[in-house]
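# Survey of secondary and tertiary structure
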Amino acid sequence: SAMDGVEYLGTIDKAKDTAAFVKAIQSVDLGCQLSRAELTGIAMMEFMRVGVPILATSIGGMPDVIEGGGGMLVPADISVEQLAEELHALISDTARYDELRQSAVRRAEWASWRRAAHEVDAALAGID
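Residues numbered from 1 in each chain as written. Predicted model: local features only at pLDDT ≥ 70, side-chain atom pairs only at ≥ 80, totals over all residues. Heavy atoms only, no water.

### Quick word on the nonpolar core
Nonpolar side chains in soluble globular proteins tend to be buried together. Which entries qualify depends on this criterion: Buried residues of nine kinds, namely Ala, Val, Leu, Ile, Met, Phe, Trp, Tyr and Cys, make up a nonpolar core once their side-chain atoms join them within 4.5 Å. Exposure is judged per residue with a 1.4 Å probe applied to protein chains only, and the accessible area is read against the type maximum: over 50% gives exposed, under 20% gives buried, and values in between give partly exposed. By definition, any uninterrupted DSSP run of H or I lasting at least four residues is a helix, any uninterrupted run of E lasting at least two residues is a strand, and each is numbered from the N terminus.
Counting 13 residues, the largest nonpolar core has Met-44, Phe-47, Met-48, Ile-54, Met-62 and Val-65 as the members making the most contacts within it. Mapped onto this core, the elements with two or more residues apiece are helix 1 (18-26), helix 2 (42-49), strand 2 (54-57) and helix 3 (62-66). Tallying contributions element by element places helix 2 first for this core, with four residues. Listed in part, the nine residues of the second largest apolar core include Val-74, Leu-83, Leu-90 and Tyr-97.

### Section: the side chain of Thr-57
What counts is decided by this rule: Polar contact is the term for a pair of N or O atoms within 3.5 Å; when the atoms are in protein, one must be able to donate a hydrogen and the other to accept it, and sequence-neighboring residues count only if both atoms are side-chain atoms. Only heavy atoms matter for contacts: two residues are in contact if any of them lie within 4.5 Å across the pair.
Topologically, Thr-57 is positioned in strand 2. When its relative accessible area of 1% is taken as the criterion, Thr-57 is described as buried. A distance of 2.5 Å separates a polar side-chain atom of Thr-57 from the backbone oxygen of Ser-35. The residues contacting Thr-57, other than those within four sequence positions of it, are Gln-33, Leu-34, Ser-35, Met-62, Leu-73, Val-74, Pro-75 and Ala-76.

### Focus: the environment of Glu-99
Along the chain, the position of Glu-99 falls in helix 5 (residues 94-106). On the basis of relative accessible area, Glu-99 is assigned to the partly exposed category, the value being 41%. Distance from Glu-99 to Leu-73, taken between C-alpha atoms, is 15 Å for residues 26 residues apart in sequence.

### A few points about the pairing of strand 2
Regular strands show a simple pattern: their side chains alternate between the two faces of the sheet. Our working rule: A strand pair is defined by DSSP finding two or more bridges across the two strands.
Here strand 2 shows no split at all, with Ile-54 and Ala-56 on one side and Leu-55 and Thr-57 on the other all buried. Bridge count between strand 1 (residues 31-33) and strand 2: three bridges; the pairing is parallel. Following the sheet pairing, Gln-33 is matched in strand 2 by Ala-56. Strand direction decides the pairing type here: strand 2 and strand 3 (residues 71-74), joined by four bridges, are parallel. Of the residues in strand 3, the one forming a bridge with Ile-54 is Gly-71.

Listed below in structure tokens is the structure:
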């Protein structure tokens, strides 16, 4: 069923149709992950990589991902009402959203797997 503001894109295989996947995630205003348990959240890194700001629960490694900007954290036990208030506040404050978006764009290079792999490689090289 159709919902105002929601567009169903169907299944996208990001391994086989990378262009469609990138186009789809670039088309959203805010990447969201409301997990109660998550290490880092690959999807959140993918959104940031294309300059889309994120909203995620303050769990696992998400505070480390967000600390440089480009997103906002909410408690893992946030109620639906509190989440609606957070989203309404963000939608209502254009300047705040614009800064979040600009911060995500600035951090796009940081959110690359290449950078992460180099950092892991460098850390492992230092282990004797």
